[in-house]
Structure formats: C-alpha cells, structure tokens
Amino acid sequence: MFEDVQESVREQQYGIAAKLLKSRGVDINEVKSKLAALKIEVPSWGFSRAGTRFAVYTDGTEPQTIEGRIAAAGLCHKLTGATPSVALAIPRDGEDCDLLQKLLSANGLAAGAINSDSFNPRQSPLDYRLRWGSLTNPIAEVRRAALQHHLDCVQVMCKLGSRNFSLWLHDGTNSAGQLSLFEQGRLLEESLRQLYAALTGNQQIFIEYKFFEPGFYATAIADWGWAYALAQKLGDRAKVLVDMGHHPLGTNIEQIVANLQMLGKLGGFHFNDKKYADDDLATGSVDPFQLFRIFNVLVEADLSGLQPIGDVAFMIDESHCLKDPLEEMIEAVDNIQRAYVLALSVDRRTWEDAQTKVDPELGDQILKNAFFDTPANAILQTSRLERGLPADPITECRARSSKQRGQSAG
Ligand code: PSV
Ligand code: MN
C-alpha cells in the first residue's frame, strides 16, 4: 500500500516537474540523460567504519578487508548505477595489483584515483620520522623513501589502468622555528617535479590542498592558490583537487571552483560536508545549498563550453563514523545527484536577463526556485527506474538481509 502511494506520488510529481522545467526552458529528458552520465567515484576507505580521534566503534558488520570494501563498492554501484570506480589508498589497500584487479573486475568496477598514503608510519625509513613530513621531510633518507612510495604508486596506476594520481600530503610544521618556509617550498617542488616526470600516457595528478591539519602552523599545500601555482609549474598533467572540507569556515568554495575552471586547472572534487573543521560528513548533509551552488557553477561552465562536466573527477572523501558506511555512501551519491538535477533545473535564460538588468532579487528567486521548488526526487527516481535501478537505493540496500551483506562484505 505504502509503495503504491509512493509510486503515484512519484508519477504525479514527475508530471509537475516536466511542466515546471519546460516553463524554465529545460527539457526533462535532457536532465535525465545528463544525470545518467554523471559518474561518481567512491573511496575504498569510506566503506569501513571510521572513527573520531578517540575511538572507532565497529560492530562487526563493516568490511574489514580490501575484499570486503571492494564488494561493498560493487553493491553501491549495483544499487545506484553511478559509482563504477573506486579510489584506492596505497599501501592501506595493499599493493598486490593482481589481487586488486581481480577484486575490481569480479565486482564490475574499475580502479579510480590512486591515493599515495604516505602519512601512516610503516617500515624504516618511513617510520616515526614521517612525523616530519613525506615529500618535504628534511631527512633526505625519509624524503627519498617517500618519493619512492609515490613513484611506486604510479606503477600501481599503470598496472590497474588508473588515470588519476591523487596527492595529499600531511606535510607541515607546528611552529615557525621548525623549518624555513622557503626550504619547505624548495623540497616540495623538487620532489613534485620528480613525481610528475614519472607520469605517462593520459595520467594526471591532482594536487589537494588543506589549510591546516596535521600541520597547525604551516601546511605544505595550504590553499588553492599554492596548489594552483604548483600545478602550473609542473605542467598540463597537474590539476587542483577541491576537497570541500579543507577550507576555513565561510569560504566561498564555488568561487574557488569557478576560478580554477577559468584557469583551466580544476581536476576534481573530494565531496564531503563540514560543520566545524574537516569533519568529513556526508556531502550535502549539512549544507545542501552549498552543494547546489557548486553544481550551479559546474553546469554553467559546462553549458558555456569552459569545461565539460565529464572532464571533472567527482570523488567522495568521507568518514563514516556513525551510520552504516554503505548506506551513508549511497546517501552521499544521492545528495550529489540531487544537487546536479537542481542545478540543471535553473531557468538560465531568465537568470541571464536578471543579471543584465542588474536585478539580484530576481536572480536569487530563480536560483531559489530551482533549489526549493523542483521535485528532484521524482526526477531522480524516474531516471533510476527507467534504467532498471531501484528508485530508492538506500531502502533497497536495507532490504537486503544483513546476512547477505555480511557475506559479500567479507
Ligand atoms: C586529507 O584530510 C584527505 O582529505 C586526503 O584526501 C586523504 O587522502 C584522505 O583525507 C584520507 O582519508
Ligand atoms: Mn580529501
């Protein structure tokens, strides 16, 4: 009965959506085909239970192994039809490329970005001395080993057919006396040039910035300006990665996105949401309007020919501490798709008019109409049903017995 009600509501709202979009000069079928083309990369680490700095509260249902994480990613793709690739962290996900390839293929997935984890201490020389950084570590032996790890990651990319190298460094200092800022910059550039030289074929490197943590005084790549400058110094294969949680509170992230697009250097995103710091909450769960504003920029850039949306790498980077990690991943995918549909539903002609007439009140009404008044759910669900996918992937995920999920999660 409940399902019947939901189905008739969906049908009615879809009809309203089609009319509404038409009145805004938007073809609903085009929205659905653009939505179907949107691919979102999921991180292997997002399927395990994450923790706070205090504890990880595992209950035994979450995947503990790479087999389990990739199986969960496979289920995520099966349920959403939107997540065909998995970002891997090396060495956390292991370095046995044959095994990784086998697991990915068995789950109908491809290798996504390779993330060079050089922050977890391991065998000497990458031991506790990583506390002084990786590619900017003043100890030559440690720095060289960290660089070698990054070069090994390029080999992993070659073996798995992965295109994107995702670079985030934990390098930074905690006080002005620790390391000269010029020396930090010199070591960084020297290491990055060697890493960049190892890239081949269509490989690219995404440089991720973060204004603090774990370096609280001077993070090696603290902001988008420096990430852009480094990408510019390195060359065409280098682009900037925008992780939504890596900005001071109040930052206008969509303006950074637009600026990077104008500079031809937007590589992709790490989607998440925040309330206070780098909280890594589900994207769009705290501030869905921010996610919409970002997609509004991306859609405008796509329509104007500045950067096709298909050129942007959409990746999720979240810590799933409390909710079921797989369900929260699907929630994130749904929130991203929703933001995209809403941005596609903006009445762009009238908005352009409003800008020309310098009528910000009308301009804001147009954006708000798209954000608040578009029956996005009906569009999302209809698009999914037409592609043979569950209308509501989280409910479907729940409906699968925990036993079955436990088995596939390993
Ligand atoms: C750092 O905070 C970061 O955003 C980088 O992308 C890392 O690869 C990831 O988180 C680690 O979880
Ligand atoms: Mn990130």
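See above for the structure.
The rules behind each value
- Residues numbered from 1 in each chain as written.
- Chains lettered and ligands numbered in written order.
- Predicted model: local features only at pLDDT ≥ 70, side-chain atom pairs only at ≥ 80, totals over all residues.
- Helix = DSSP H or I, 4+ residues; strand = E, 2+ residues; numbered from the N terminus.
- Rg over C-alpha atoms; globule rule 2.2 N^0.38 Å.
- Contact = placed C-beta atoms within 7 Å.
- Core = buried A, V, L, I, M, F, W, Y, C linked by C-beta atoms within 7 Å.
- Buried ≥ 20, exposed ≤ 12 C-beta atoms within 10 Å, placed from the backbone.
- Pairing = 2+ DSSP bridges.
- Right-handed = clockwise from strand over helix to strand, strands pointing away.
- Arc of directions from axis to C-beta.
- Axes fitted to C-alpha atoms, helices over the stretch in contact; angles between N-to-C directions.
- Parallel < 35°, antiparallel > 145°, perpendicular 65-115°, else oblique.
- Left-handed = near helix turned anticlockwise from the far one by under 90°.

Draft legend 1. Molecular detail of the overall build of the chain. Across its full length, the chain carries 15 helices and ten strands. Its C-alpha atoms give the chain a radius of gyration of 22 Å, near enough to 22 Å, the size a compact globule of 410 residues would have. Its C-alpha atoms give the chain principal-axis dimensions of about 65 × 60 × 40 Å. By sequence separation, contacts in the chain at least 24 residues apart represent 75% of the contacts at least 6 residues apart.

Draft legend 2. Up close: the nonpolar core. Among the nonpolar cores identified, the biggest contains 106 residues, and Ile207 and Val240 are the most heavily contacted of them. The element that contributes the greatest number of residues to this core is helix α10 (residues 325-344), accounting for twelve residues. Excluding residues within four positions of it along the chain, Ile207 makes contact with Leu167, Ile221, Ala227, Leu230, Ala231, Ala238, Val240 and Leu241.

Draft legend 3. Expanded view of the pairing of strand β3 (residues 110-116). The buried fraction of β3 amounts to six of the seven residues, a majority that puts the element mostly inside the structure. Both strand β2 (residues 85-90) and β3 contribute to a ladder of five bridges, which runs parallel. Bridged to Ile90 within β3 is Ser116. The parallel pair β2 and β3, bridged by helix α4 (residues 97-106), forms a crossover whose chirality is right-handed.

Draft legend 4. Molecular detail of the pairing of strand β4 (residues 164-167). Here β4 shows two buried faces, one formed by Asn164 and Ser166 and the other by Phe165 and Leu167. As judged from the two bridges shared by β3 and β4, these two strands associate in the parallel manner. Paired with Ile114 across the bridge in β4 is Phe165. The handedness of the β3 to β4 crossover, carried by helix α5 (residues 140-160), is right-handed.

Draft legend 5. Spotlight on the sheet that holds β3. On the basis of which strands lie adjacent, the open sheet formed by eight strands has the order β1-β2-β3-β4-β6-β8-β9-β10 and parallel pairing. For this open sheet the edge positions go to β1 (42-43) and β10 (313-316), each flanked by a neighbour on one side alone. In the sheet, β4 pairs with strand β6 (residues 204-208) via four bridges, with the strands oriented parallel. Note that in β6 the partner of Leu167 across the bridge is Ile207.

Draft legend 6. Local environment of the environment of Ile90. Mapping Ile90 onto the fold places it in strand β2. The spacing of Ile90 and Val156 is 66 residues in sequence and 8.7 Å in space, taken between C-alpha atoms. Apart from residues lying up to four places away in sequence, Ile90 is in contact with Glu95, Ile114, Asn115, Ser116, Asp117, Cys153 and Val156.

Draft legend 7. Summary view of α4. Considered for burial, the residues of α4 that qualify are Leu100, Leu103 and Leu104. The arc enclosing the buried residues of α4, seen along the axis, measures out at 100 degrees, which places them on a common side. Exposed positions of α4 whose direction lies more than 90 degrees from the buried face are Asp98, Ser105 and Ala106. Elements in contact with the buried residues of α4: α3 (66-80), β2, β3 and α5. Residue Gly108 follows α4 closely and has a positive phi angle near 65 degrees.

Draft legend 8. Quick peek at unusual backbone geometry. Cis peptide bonds are those with omega within 30 degrees of zero, and the linkage from Ile90 to Pro91 qualifies with 10 degrees. In this structure, Pro91 sits in the loop between β2 and α4. Pro214 follows Glu213 through a cis peptide bond whose omega is 0 degrees. As for its position among the elements, Pro214 is in the loop between β6 and β7 (218-219).

Draft legend 9. Spotlight on the packing of α4 against α5. Orientation of α4 relative to α5, taken along the N-to-C sense of each, is 45 degrees, at an axis distance of 10 Å. In terms of their interaxial angle, α4 and α5 are classed as oblique. Every pair of crossing elements has a handedness; the one defined by α4 and α5 is right-handed. Residues Cys97, Leu100 and Gln101 of α4 pack against Val156, Lys159 and Leu160 of α5.

Draft legend 10. Structural detail: helix α13 (residues 376-386). For α13, a buried count of eight out of eleven residues is recorded, marking the element as mostly surrounded by other parts of the structure. Where α13 is concerned, the buried positions are Ala376, Ala378, Ile379, Leu380, Gln381, Thr382, Ser383 and Arg384. Once α13 ends, the next one or two residues include Gly388, with phi positive near 75 degrees.

Draft legend 11. Molecular detail of the environment of Ala198. Mapped onto the elements of the fold, Ala198 is located in the loop between α6 (181-197) and β6. The exposure class of Ala198 is partly exposed, given the 18 C-beta atoms found within 10 Å. The spatial distance from the C-alpha of Ala198 to the C-alpha of Gln155 is 9.0 Å, given a sequence separation of 43 residues.

Worth remembering: the numbers are spatial, not functional.
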